[in-house]
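# Reading the structure
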Amino acid sequence: QVQLVESGGGLVQPGGSLRLSCAASGSIFSIYHMNWYRQAPGKQRDVVETITSGGNTNYANSVKGRFTISRDNAKNTVYLQMNSLKPEDTAVYYCNAARYPRDYWGQGTQVTVSS
């Protein structure tokens, strides 16, 4: 069992930055692939960035060059650094831990990009 708690969301102006954190507890964090998803109102939940247990990363084209995922296994935490934010980045951001057949989700943190 893994418990995930996201933090760091908020209101930011276009062009600004935020760093989301996801703290994990309850299991061996380092073995899980960690993902950030987001869901805008009326839209499906989509993956934003992924970091594997081995540290390999992958990202959605919409955030290429602007968002960076990282993990600190010593702190059981995964981060999402978001730069050059746009209004279309507005969504609830969710942390996900996955290792077949297990799949765990955080409660989400709201990110609003608006002037």
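Presented here is a report on the structure given in the accompanying data block. (Residues numbered from 1 in each chain as written. Predicted model: local features only at pLDDT ≥ 70, side-chain atom pairs only at ≥ 80, totals over all residues. Heavy atoms only, no water.)

### Overview of the nonpolar core
Grouped together as the largest cluster of nonpolar side chains are 28 residues, with contacts concentrated most on Leu4, Met34, Trp36, Val78, Leu80, Met82 and Tyr93. Sequence-distant contacts of methionine 34, that is, excluding residues within four places in its chain, are made with Leu4, Cys22, Phe29, Glu49, Thr50, Ile51, Ile69, Arg71, Val78, Cys95, Asn96 and Ala97. (Core = buried A, V, L, I, M, F, W, Y, C linked by side-chain atoms within 4.5 Å. Buried < 20%, exposed > 50% of the residue type's maximum accessible area, 1.4 Å probe, protein only. Contact = heavy atoms within 4.5 Å.)

### Some thoughts on the pattern of salt bridges
Overall, the coordinates contain 2 salt bridges when judged by the stated rule. Among the salt bridges present, the one from arginine 38 reaches aspartate 89, with a minimum N-O distance of 2.9 Å. Taken as a pair, arginine 38 in strand β4 (residues 33-39) and aspartate 89 in the loop between β8 (77-82) and β9 (91-99) lie far apart in primary sequence, 51 residues in all. Aspartate 89 carries the same exposure label as arginine 38, and that label is buried. (Salt bridge = Lys/Arg side-chain N within 4 Å of Asp/Glu carboxyl O. Helix = DSSP H or I, 4+ residues; strand = E, 2+ residues; numbered from the N terminus.)

### Details of the pairing of strand β10 (residues 102-105)
Sheet faces and side chains relate simply in a regular strand, where the side chains alternate between the two faces. Here 4 bridges tie β9 to β10, and the two strands are oriented antiparallel to one another. Counterpart to alanine 98 in the pairing with β10 is aspartate 103. The turn joining β9 and β10, which pair antiparallel and follow one another in sequence, is formed by 2 residues. (Pairing = 2+ DSSP bridges.)

### Describing the sheet that holds strand β7 (residues 67-72)
One open sheet accounts for 4 strands, arranged β1-β3-β8-β7; its pairing is antiparallel. Each having just a single partner strand, β1 (3-7) and β7 make up the two edges of the open sheet. Strand after strand, the sheet turns through a mean of 15° between neighbouring axes, direction not considered. Alignment of β7 against β8, held across 6 bridges, turns out to be antiparallel. Bridge assignment links aspartate 72 to a residue of β8, and that residue is threonine 77. (Axes fitted to C-alpha atoms, helices over the stretch in contact; angles between N-to-C directions.)

### Description of the pairing of β8
The buried fraction of β8 is high, at 5 of 6 residues. Where strand β3 (residues 18-25) and β8 come together, 6 bridges link them in antiparallel fashion. Looking across to β8, one finds that serine 21 is bridged to tyrosine 79. Here β7 folds back onto β8 in antiparallel fashion, the turn holding 4 residues, of which asparagine 76 has a positive phi close to 55°.

### A short note on unusual backbone geometry
Cis peptide bonds are those with omega within 30 degrees of zero, and the linkage from tyrosine 100 to proline 101 qualifies with 5°. Following the sequence through the fold, proline 101 ends up in the loop between β9 and β10. Phi angles above zero are rare outside glycine, and asparagine 76 is one such case at about 55°. Along the chain, asparagine 76 falls in the loop between β7 and β8. The backbone of serine 84 sits at a positive phi, close to 50°, despite the residue not being glycine.

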